Amino acid sequence: MKITDNFDFAPLNDLTDESLARLSKGMRVRSFSRGHKLLQVGDIPFDAIFILEGSVSMYDEYNRVASTTGPAVDNKIKQLEVLKPNPYSVIANCEIRVLLIGLDLFEEVLKEDKRIKAMPRNFYGGTVDWKNVFLQNSTANRLPAYETEEIFRRMSPMKVKKGDVIIRQDSQPDYFYIIAEGHCEVVREVPSLGHSVKLNEYGPGACFGEDSLISDNPRNATATMTTDGLLMTLDSDDFRLLLKRPMTRPLSYYEAKEKIDDGAVWVDVRMPNELRAGRKIPGSICIPFPIARARLFDAKKDTTYIIVCENMKDSPVLTFVLCKNGYDAYYLQGGIHSFPETGYDSGASEQ
């Protein structure tokens, strides 16, 4: 039988069985007589203290009673609040019985228990560390640790049910999403076809909703949960502040040209009518933005790609998607208009 079976402890009863079992190794139950000093003014406490029976009072340096704790009411027991160093003496008012837990172990177990509970359970009973999956599969892993922690700190959990529409095509962008638990599918309505086209399906650690936040265009697809789940959301202002630049990787023309000289490849995603009206980039791959995603996923991952567009909206989106899928990609700030006149010619290759 566990000691927590007899009493309603805070926060012990909220711990997982694994955390409580680990904590039990540092638990001791002790009895003390009236007048015993558990702590003196200025002491550094080494134990978390729970009063099981009797009561104690805290006295300040002038021997005035600051507070009294205990006995338990309706078997509800709270941890005695002490500080490091403690500004009060803690003295037994009568015979008392206390539970002592090594403070270092107690704080370590509480912290670890909180971290584990923040990791959602998957459908097989294990835990999915969505943060690590997200960082492994996105350019956010290039950020300093304190910046990624700030991103996660600003996120809010959102419980969802199977069938919930998270993003609706043609709506205005509001949030960036990371799947902590569950799965969703993304489809696009294509009026010319008369039906929708499934674009992708995402699971824990995957992110979605970034396209419109990067391009400032309406949503271009609908995302619907295919299972119950949990999403982590980041509002549009925080996304633009914390994620847009590091996850789209902009370069000036001269920074891009240095990478080209080192073996990188220009990818020109302008539409055919834009190409006809303008001039071509020497040595570039020409592939219109709407089909660039599917085609470039067959490209070499050991090559660096620098994306160029006409409207200065398409290239950041494609760069983000490529980096999310493991490619080394950047986009040219200012698009085609940042090229000097001598940077053009008519020798681009068309794909």
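Calculation criteria
Residues numbered from 1 in each chain as written. Predicted model: local features only at pLDDT ≥ 70, side-chain atom pairs only at ≥ 80, totals over all residues. Heavy atoms only, no water. Helix = DSSP H or I, 4+ residues; strand = E, 2+ residues; numbered from the N terminus. Buried < 20%, exposed > 50% of the residue type's maximum accessible area, 1.4 Å probe, protein only. Contact = heavy atoms within 4.5 Å. Areas by Shrake-Rupley, 256 points an atom, 1.4 Å probe, with all protein chains shown as cover. Polar contact = N/O pair within 3.5 Å; in protein donor to acceptor, adjacent residues only side chain to side chain. Core = buried A, V, L, I, M, F, W, Y, C linked by side-chain atoms within 4.5 Å. Pairing = 2+ DSSP bridges. Axes fitted to C-alpha atoms, helices over the stretch in contact; angles between N-to-C directions.

1. What about the overall build of the chain?
From N to C terminus, the chain includes 11 helices and 23 strands. Within the chain, the proportion of its 351 residues that are buried is 43%. Long-range pairs, those at least 24 residues apart, make up 74% of the contacts in the chain with a sequence separation of at least 6. For the chain, the computed accessible surface area is about 19,000 Å², with 49% contributed by carbon and sulfur atoms.

2. Here's the deal with unusual backbone geometry
Backbone geometry places Asp216, a non-glycine residue, at a positive phi of 65 degrees. You can see Asp216 is positioned in the loop between helix 5 (210–215) and strand 16 (222–225). Judged by its relative accessible area of 45%, Asp216 is partly exposed. Notably, Arg249 is not glycine yet its phi reads approximately 55 degrees, a positive angle. On the secondary structure map, Arg249 appears in the loop between helix 7 (244–248) and strand 18 (250–251).

3. Considerations on the side chain of Asp60
Residue placement: Asp60 occurs in the loop between strand 5 (56–59) and strand 6 (65–69). Of the polar contacts made by the side chain of Asp60, one reaches the backbone nitrogen of Tyr62; its length is 2.9 Å.

4. Focus on the nonpolar core
The biggest cluster of nonpolar side chains holds 37 residues, and the ones touching the most others in it are Phe134, Met155, Phe176, Ile178, Leu243, Val269 and Ile307. Here this core takes five residues from helix 11 (residues 314–324), the largest share from any one element. With residues near it in sequence (within four places) discarded, Leu243 still touches Ala140, Leu143, Ile151, Phe176, Leu234 and Asp238.

5. Here's the deal with the sheet that holds strand 8 (residues 89–92)
The strand order across the open sheet built from four strands is 3-8-5-6, with neighbouring strands paired in antiparallel fashion. Strands with a single pairing partner mark the edges of an open sheet, and in this sheet they are strand 3 (37–39) and strand 6. Neighbouring strand axes in the sheet, compared pairwise and without regard to direction, differ in orientation by 25 degrees on average. Pairing geometry for strand 5 and strand 8, over four bridges, is antiparallel. Opposite Val56, over in strand 8, you have Ala92 as the bridge partner.

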